[in-house]
Amino acid sequence: MPTRHVLLAIVVAVLWGLNFVAIHASLAQFPPLFLVALRFALIAVPTLILVPRPRVRWRWLIGYGLGFGTLQFLFLYLGMAAGFPTGLSSLVLQASAPFTVLLGALVLKERLGARRLAGVGVATAGLAVVGLSYGTSAPLGPFLLVVLGALGWALGNLASRQARAERPLHLVLWMSIVPPLPMLALSLVVEGPARIGASLTTSLSAAAVPAWIGLGYTVLLGTLLGSGIWVWLMARHPAGAVAPFSMLVPVVGISTAWLALGEAPAPLELVGGALVIGGVLWSARGPRPPATGAAAASDRPRVGARLG
């Protein structure tokens, strides 16, 4: 990758790492389920008006929206609202990588070599270390909620892989039409109209400015700009050259949460985090099985591919 593309990949990692502090600010004002609905509604409305629908089957588009958009952020926001540390959330969410590898083997019958299996094992052990360290001083429930968010991300990965969109950014944008309505309905049932109304009424005060800034950051910089650059890079370079930069996300997330929120991770949590990142990187470096037929054609780099 050229130096400027490497720098762009680092910029995305920084944008996504800061995203967790932005989410923390928004959760201080809005209930978590309603916040998920609001976040994706702000993307879905202009998408429906301005962006052509990607030429993929509806079941993969809906599956991507349910996994990546709905389940991931439903459980992530619930876990963070329940008290799971902001910085550690950016780390635990990386469990989506070993989940994706395992689900790909179980559901899509993808070959799981010894190297990838070892990487998944190391990452899983690291996740267990983080959970045990956190669980000694706090309830384990919030940690498990964020793990479920990582599983939702992995399910979305499988759906997006099956979609094989010609314009991946269009798929990312159209995915946003799935979460708002079910999340709003769930919010009305679980959080109630009174709590939602109170959060909206008080959101007009000066004290709510950080929450709106956090929400704006999540939508504009974390989702649209970050995902846009990432998709642009993935269209021009092998996945194995781009994907490892996502391992910088928890480094940025933990560092910024430490500086901005005073969340100092315990030494054992740092050890577990190193195992998670190392296991994911080791697994990502494993050799890809040879593709044939349609799979080979879809994986072949596209000449002149362009963003969106």
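Bear in mind the structure is a predicted one, so any value in this text is a computation, not a measurement. (Residues numbered from 1 in each chain as written. Predicted model: local features only at pLDDT ≥ 70, side-chain atom pairs only at ≥ 80, totals over all residues. Heavy atoms only, no water.)

### Notes on the overall build of the chain
For the chain, the count of helices and strands is 15 helices and zero strands. Relative to the 2.2 N^0.38 estimate, which gives 19 Å for 308 residues, the radius of gyration of the chain is 19 Å and therefore close to what a compact globule would have. Its C-alpha atoms give the chain principal-axis dimensions of about 55 × 50 × 35 Å. Taken across its 308 residues, the chain has 47% of its residues classed as buried. At a minimum sequence separation of 6, the contacts of the chain that also span at least 24 residues come to 88%. About 14,500 Å² of surface is accessible on the chain, with carbon and sulfur atoms providing 72% of the total. (Helix = DSSP H or I, 4+ residues; strand = E, 2+ residues; numbered from the N terminus. Rg over C-alpha atoms; globule rule 2.2 N^0.38 Å. Buried < 20%, exposed > 50% of the residue type's maximum accessible area, 1.4 Å probe, protein only. Contact = heavy atoms within 4.5 Å. Areas by Shrake-Rupley, 256 points an atom, 1.4 Å probe, with all protein chains shown as cover.)

### Regarding the pattern of salt bridges
Applying the stated criterion across every chain yields a total of one salt bridge. Here Glu-166 and Arg-55 are joined by a salt bridge, their closest N and O atoms 2.6 Å apart. Highlighted residues: Glu-166 in the loop between α7 (141–163) and α8 (168–175) and Arg-55 in the loop between α2 (32–50) and α3 (58–81), separated in sequence by 111 residues. (Salt bridge = Lys/Arg side-chain N within 4 Å of Asp/Glu carboxyl O.)

### Concerning the side chain of Ser-26
Here Ser-26 shows up in helix α1 (residues 3–27). With near-sequence residues (within four places) excluded, Ser-26 lies in contact with Leu-35, Ala-211, Gly-214 and Leu-215.

### Brief notes about the side chain of Thr-47
Looking at where Thr-47 falls in the secondary structure, it is placed in helix α2. In contact with Thr-47, not counting residues within four places along its chain, are Leu-173, Trp-174 and Ser-176.

### Quick notes on the packing of helix α9 (residues 180–190) against helix α10 (residues 192–202)
Running from N to C, α9 and α10 point in directions that differ by 110°, and their axes come no closer than 5 Å. The angle between the axes of α9 and α10 places the two elements in the roughly perpendicular class. In this structure, α9 contributes Ser-187, Leu-188, Val-189 and Val-190 to the contact, and α10 contributes Gly-192, Pro-193 and Ile-196. (Axes fitted to C-alpha atoms, helices over the stretch in contact; angles between N-to-C directions. Parallel < 35°, antiparallel > 145°, perpendicular 65-115°, else oblique.)

### Notes on the confidence of the model for the chain
With 90% of its residues at a pLDDT of 70 or more, the chain shows a mean pLDDT of 84. The element-level mean pLDDT for the chain is lowest in helix α15 (residues 293–299), coming to 38, with α9 highest at 96. Contacts of residues 288–308 to residues separated by more than four positions or lying in other chains number 25 contacts, the stretch itself having pLDDT below 50. (pLDDT = per-residue confidence, 0-100.)

### Comments concerning a nonpolar patch on the surface
Together, Leu-7, Ile-10, Val-14, Leu-18, Leu-248 and Val-251 make up an exposed nonpolar region whose accessible area comes to about 430 Å². For the nonpolar patch, the secondary-structure elements that each account for two or more residues are α1 and α13 (248–261). No other element matches the four residues that α1 contributes to the nonpolar patch. As for its position among the elements, Leu-7 is in helix α1. (Patch = residues over 30% accessible without salt bridge, like charges linked within 9 Å, V, L, I, M, F, W, Y side chains within 5 Å.)

### Details of the packing of α2 against α3
Their axes nearest at 9 Å, the elements α2 and α3 cross at an angle of 140°. The pairing of α2 with α3 is recorded here as oblique in orientation. Helix-helix and strand crossings are classified by hand; for α2 and α3 the assignment is right-handed. Contact residues: α2 offers Pro-32, Leu-33, Leu-35, Val-36, Arg-39 and Phe-40, while α3 offers Gly-69, Phe-73, Leu-74, Tyr-77, Leu-78 and Ala-81. Grouping the constituent residues of the contact of α2 with α3 by class yields ten nonpolar, one polar and one charged. (Left-handed = near helix turned anticlockwise from the far one by under 90°. Nonpolar A, V, L, I, M, F, W, Y, C, P; charged D, E, K, R; others polar.)

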